[in-house]
Every structure is written in C-alpha cells, then in structure tokens.
Amino acid sequence: MACKRGALIVLEGVDRAGKTTQCKKLFEALQRSGKPAEMMRFPDRTTTIGKLISAYLENKSDLEDHTVHLLFSANRWEMVPLMKKKLEQGTTLVVDRYAFSGVAFTSAKPGFCLDWCKSPDVGLPQPDLVMFLQLSPSEAALRGQFGEERYEKSDFQRAVQNKFQQLMKDRSVHWQVIDASQSVEDVHKDIMTHSLNAINCAQNQALAELWK
Ligand code: 2DT
C-alpha cells in the first residue's frame, strides 16, 4: 500500500436513532482532528438508479420487491470504484446506512430470507466498523412521529429491528452497539472513540470483502 488507507465506518440503526446527525458530527470531528474524511449515504438518491429508488420511497412509483432490493444493491455497487479510490488515498468514509439496511428492510417483507437478501451485496467493501444505534421503540416514539415515506410504519420498523438483531449475530462483521438513548454529545463521544480505534486498525489491514 502506497499510503495508509482510510477506514470504512458505517452507521446503522432504527428510524429516529440519530444516524444522520451522528454521521455529520463524526465527519466534522474527524476533519477537525486532521483526519481526511468524507460522508456518504445510501441510498444515494442523486444517481439514475438512486432516483428510481427515491421515487419508490416517496410512494411516487411502485416497484416489485425483488427488483427494488436489487436496485438498492446496485446503488452501492455503482459507488464501489469511488469508495475504493478514496479509501486507498487515505480518506476515511463515514457512511449513513449500507448493505445491512438493505438486508434488514427487504427481509422484513413477507417471503424473503436473509441469505437471498445478502447475496447481491456479497463482496462489497467490508466495513472496518459498523455501529448500530440502538433505541427502543418506546424511546423512538418519544422523538416524534414517523415521516411520510414508504417504510415509516411502526409495525414494519419493529420487524426491521428484529432483522438487524439477527444480522448482528454474524461475527464476520465488526459490530458495535451504541446506546442511542444517551444525549447527542454522549452518543458522539462513544462513536468517536470506536471510530478512532477503527481508523488506527484499518491503516495496517487490507480492505476485505463483505460476507465472503
Ligand atoms: P433514508 O434516506 O431516510 O435513510 O431512508 N433502505 C435503505 C432499504 O430498504 N434498502 C437499502 O439498501 C437501504 C440503504 C431504509 C432510506 C430508506 O430506505 C431503506 C429507509
């Protein structure tokens, strides 16, 4: 490796756990401490594939369930060359949702198994750290109403939460559960500690492939 690579850091979690806020705080804190970092999010709604996904999520179009699952995965694969380039250049990527959301959301639908849902994402860049922002449904409810998008229903969100619990049993992924019921600043401190560790470890390790 020409220079020390950046780390691939993913935040996952249930709705209203504060993923997007925490991604931004982490990105800003890394930048302030002089560590090259960039933020990404999935779905990336700006690409051609992302626009199809966005219309689906906003209930402006309907897509068959397998089809939309594969589009979410394609939306990650189309970013892989750029992700690898950034990581190799030493930039740490802070990513809001990844393949785990892909699997948890689709497998919460009737008729889908975890293995089928994982298969299109096998071989994606393996995150160095996946932090799961854990929040109970009752605490999430205190943070306000769900939005208007397709998956923002409490029964479905509960099923998604169960699927995340199943995914977290997989020891091939470096999961870290974060208590998202703490204050924004305390959650940030936890996330920063784990991220700095991951960045240190990643420097001396080759990028692996997810679920392979
Ligand atoms: P936000 O843009 O608010 O995060 O909502 N999703 C996401 C999937 O069903 N599959 C995926 O692969 C990904 C990344 C989660 C996006 C919604 O899309 C769902 C919520």
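Our structure is the block above this text.
These numbers come from a predicted model, not from an experiment. (Residues numbered from 1 in each chain as written. Predicted model: local features only at pLDDT ≥ 70, side-chain atom pairs only at ≥ 80, totals over all residues. Heavy atoms only, no water.)

Participant: Help me understand the nonpolar core in this model?
Facilitator: Note on soluble globular proteins: their nonpolar side chains tend to be buried together. One finds Tyr 98 and Phe 100 to be the most contacted residues of the largest nonpolar core, which totals 64 residues. With six residues, the single largest contributor to this core is helix 9 (residues 184-202). With sequence-adjacent residues up to four places away left out, Phe 100 is seen in contact with Val 10, Glu 12, Pro 127, Val 130, Phe 164, Leu 167, Val 173, Trp 175, Leu 210 and Trp 211. (Core = buried A, V, L, I, M, F, W, Y, C linked by side-chain atoms within 4.5 Å. Buried < 20%, exposed > 50% of the residue type's maximum accessible area, 1.4 Å probe, protein only. Helix = DSSP H or I, 4+ residues; strand = E, 2+ residues; numbered from the N terminus. Contact = heavy atoms within 4.5 Å.)

Participant: Before we go on, may I ask you to explain the side chain of Thr 106 in this structure?
Facilitator: Mapping Thr 106 onto the fold places it in helix 5 (residues 99-107). The residues touching Thr 106, leaving out its near neighbours within four places in the chain, are His 69, Phe 112 and Cys 117.

Participant: Help me understand the site of the ligand in this model?
Facilitator: Around the ligand, the neighbouring residues are Arg 41, Phe 42, Pro 43, Arg 45, Leu 57, Phe 72, Arg 76, Arg 97, Ser 101, Gly 102, Phe 105 and Tyr 151. At 3.4 Å from an oxygen atom of the ligand is found a main-chain nitrogen or oxygen belonging to Gly 102. A total of 470 Å² of accessible area belongs to the ligand in isolation, and the protein chains cover 89% of it. Elements represented by at least two residues in the shell around the ligand include exactly helix 3 (65-77) and helix 5. The dominant element in the shell around the ligand, judged by the number of residues it contributes, is helix 5, at three residues. Split into classes, the residues belonging to the shell around the ligand amount to six nonpolar, two polar and four charged. (Near = heavy atom within 4 Å. Polar contact = N/O pair within 3.5 Å; in protein donor to acceptor, adjacent residues only side chain to side chain. Areas by Shrake-Rupley, 256 points an atom, 1.4 Å probe, with all protein chains shown as cover. Nonpolar A, V, L, I, M, F, W, Y, C, P; charged D, E, K, R; others polar.)

Participant: Sorry, what's going on with helix 8 (residues 154-167) here?
Facilitator: Because each turn of an α-helix spans 3.6 residues, side chains separated by three or four positions in sequence point in the same direction. With 14 residues, helix 8 should reach 20 Å at 1.5 Å per residue; the first-to-last C-alpha distance of 20 Å fits that figure. Looking at the buried positions of helix 8, the neighbouring elements they touch are strand 1 (8-13), helix 5, helix 6 (114-118), strand 4 (129-134), helix 7 (137-142) and strand 5 (175-179). (Expected span 1.5 Å × (residues − 1).)

These results come straight from atomic positions and should not be treated as a statement about function.
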